[in-house]
Amino acid sequence: MSEVGHILIADDEELFLHSTAALLRREGYACTCAPDAATVAALLREAPYDLLIADIKMPGNRNLELIRELPRIAEGLSVILVTGHPSLQSAIQSIQLPVVAYLVKPLDFEDLQAEVQSAIERARTYRAVRGMQQRVQGWYQDLEGLSQWMRTRPEGAATDVDAFVALTLGNLGSCLAELRRPGPAPARRSAERAERPPHQGPQQ
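Residues numbered from 1 in each chain as written. Predicted model: local features only at pLDDT ≥ 70, side-chain atom pairs only at ≥ 80, totals over all residues. Heavy atoms only, no water.

**Student:** Honestly, the packing of aromatic side chains in this entry has me stumped. Any pointers?
**Tutor:** Given two aromatic rings, their pairing is described by the distance between the two centres and the angle made by the two planes. Tallying each qualifying case throughout the model produces zero aromatic pairs. A cation sits over an aromatic face here: Lys105 above Phe16, 4.3 Å from the ring centre. (Phe/Tyr/Trp six-rings, centres within 6.5 Å; stacked < 30°, edge-to-face > 60°. Lys NZ or Arg CZ within 6 Å of the ring centre and 35° of its normal.)

Quick look at the structure:
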């Protein structure tokens, strides 16, 4: 997986799909393209992604069916919805789903890039919190087992309780430090951007 983020882009409009992927790759992101919801679901079951950028009207997602299924397919995945046909109904529905941004085509690339960076940081933070929660639950079970053993151990049996507790607390401290550490930001190419002609971003 790319250090700055692996993005799954889904749209049945080939021009938008591949031009958006090309622009994001130029910023250092790893991008995979999919033409429909069925392909998206299959890819998400095969590998982890940091972000899904999905068109609302592509096959298999016209009523946001794919987005409603995402918590069961890829828990914690950030989603940016894009559409060339915005509607009040789809905007309201997106608020009730795991969607971090609702963007209208043609996209302004600078706005898209800002939303992408924020969404990836959010997804990684969620995974870090979930991972820490699972580790803490495992340590709690270990401590419960140790407590039970101490109550029933034979008289005079040796134990390394202090060492175990110190190790557990040390691991917990490492998890907290990891959670507070900011994720890597996309590589900036200020000089390159200054030389680029202005663009309007990916079109529908």
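**Student:** How should helix H1 (residues 14-26) be read in this particular structure?
**Tutor:** Within an α-helix, residues lying three or four positions from one another point in the same direction, as the helix has 3.6 residues per turn. Compared with an ideal rise of 1.5 Å per residue, which puts 13 residues at 18 Å, H1 spans 18 Å between its outermost C-alpha atoms and is within 8% of the ideal. By the burial criterion, the buried members of H1 are Phe16, Leu17, Thr20, Ala21, Leu23 and Leu24. Angularly, the buried residues of H1 cover 165° about the axis, an arc narrow enough to put them on a single face. Among the exposed residues of H1, those pointing more than 90 degrees away from its buried face are Glu14 and Leu15. Gly28 sits one or two residues past H1 and shows a positive phi near 105°. (Helix = DSSP H or I, 4+ residues; strand = E, 2+ residues; numbered from the N terminus. Expected span 1.5 Å × (residues − 1). Buried < 20%, exposed > 50% of the residue type's maximum accessible area, 1.4 Å probe, protein only. Arc of directions from axis to C-beta.)

**Student:** Quick question: what am I supposed to make of unusual backbone geometry here?
**Tutor:** Leaving glycine aside, a negative phi is the common case for residues, and trans is the common case for peptide bonds. For the peptide bond that leads from Lys105 to Pro106, omega is -5°, which places it in the cis range. The residue Pro106 is located in the loop between strand S5 (101-104) and helix H5 (109-152) in this model.

**Student:** Any chance you could explain the pairing of strand S2 (residues 30-34) here in plain terms?
**Tutor:** Relative to S2, strand S1 (residues 6-10) runs parallel, the two sharing five bridges. Across the sheet, Ala10 pairs through a bridge with Ala34, a residue of S2. Note that the unit made of S1, H1 and S2 has a crossover that is right-handed. (Pairing = 2+ DSSP bridges. Right-handed = clockwise from strand over helix to strand, strands pointing away.)

**Student:** I would appreciate a short explanation of the nonpolar core in the present structure.
**Tutor:** A general feature of soluble globular proteins is that nonpolar side chains tend to end up buried together. Counting 24 residues, the largest nonpolar core has Val40, Leu44, Leu52 and Ile67 as its most contacted members. Taken together, the elements giving at least two residues each to this core come down to S1, helix H2 (37-46), strand S3 (51-55), helix H3 (65-73) and strand S4 (78-83). Top contributing element to this core by residue count: H2, with five residues. Beyond its immediate sequence surroundings of up to four residues, Leu52 is in contact with Leu8, Ala10, Val40, Leu66, Ile67, Leu70, Leu77, Ser78, Val79 and Ile80. Among the nonpolar cores identified, the runner-up in size contains 22 residues, and Leu23, Leu24, Ile53 and Leu107 belong to it. (Core = buried A, V, L, I, M, F, W, Y, C linked by side-chain atoms within 4.5 Å. Contact = heavy atoms within 4.5 Å.)

**Student:** What is the right way to look at the pattern of salt bridges in this model?
**Tutor:** Side-chain pairs of opposite charge can arise where the charged atoms are in close proximity. With the rule as written, the count across this model stands at four salt bridges. Here Asp50 and Arg124 are joined by a salt bridge, their closest N and O atoms 3.3 Å apart. Here Asp50 is found in the loop between H2 and S3, whereas its partner Arg124 is found in helix H5, with 74 residues between them in sequence. Judged by its relative accessible area of 0%, Asp50 is buried. Its salt-bridge partner being Asp55, residue Lys105 comes within 3.1 Å of it at the nearest N-O pair. Remark: Asp55 occurs in strand S3 and Lys105 occurs in the loop between S5 and H5; sequence separation between them is 50 residues. Looking at Lys105, the relative accessible area reads 7%, which means it is buried. Taken together, the shared-partner salt bridges in this structure form one network comprising Asp11, Asp55 and Lys105. (Salt bridge = Lys/Arg side-chain N within 4 Å of Asp/Glu carboxyl O.)

**Student:** What's the story with the sheet that holds S5 in this structure? I'm lost.
**Tutor:** In a beta sheet, neighbouring strands pair by backbone hydrogen bonds and run either parallel or antiparallel. Across the sheet, which stays open at both edges, the five strands sit in the order S2-S1-S3-S4-S5 with parallel pairing between neighbours. Two strands bound the open sheet, and with one partner strand each, they are S2 and S5. Each strand of the sheet is rotated relative to its neighbour by a mean of 20°, with strand direction disregarded. One ladder, built from five bridges, connects S3 with S4; its direction is parallel. When the sheet's bridge partners are listed, Asp55 is paired in S4 with Val82. Each of S1, S2, S3 and S4 touches H1; the most contacted strand, S2, lies at about 175° to it. (Axes fitted to C-alpha atoms, helices over the stretch in contact; angles between N-to-C directions.)

**Student:** Please explain the packing of H2 against H3 as it appears in this structure.
**Tutor:** Look at H2 against H3: their axes get within 11 Å of each other, and the N-to-C directions meet at 10°. Classified by the angle between their axes, H2 and H3 sit roughly parallel to one another. In the crossing of H2 with H3, the sense of the turn from one axis to the other is right-handed. Contacts from Ala37, Val40, Ala41, Leu44 and Arg45 of H2 reach H3 at Leu66, Leu70 and Ile73. Classifying every residue of the contact of H2 with H3 gives seven nonpolar, no polar and one charged. (Parallel < 35°, antiparallel > 145°, perpendicular 65-115°, else oblique. Left-handed = near helix turned anticlockwise from the far one by under 90°. Nonpolar A, V, L, I, M, F, W, Y, C, P; charged D, E, K, R; others polar.)

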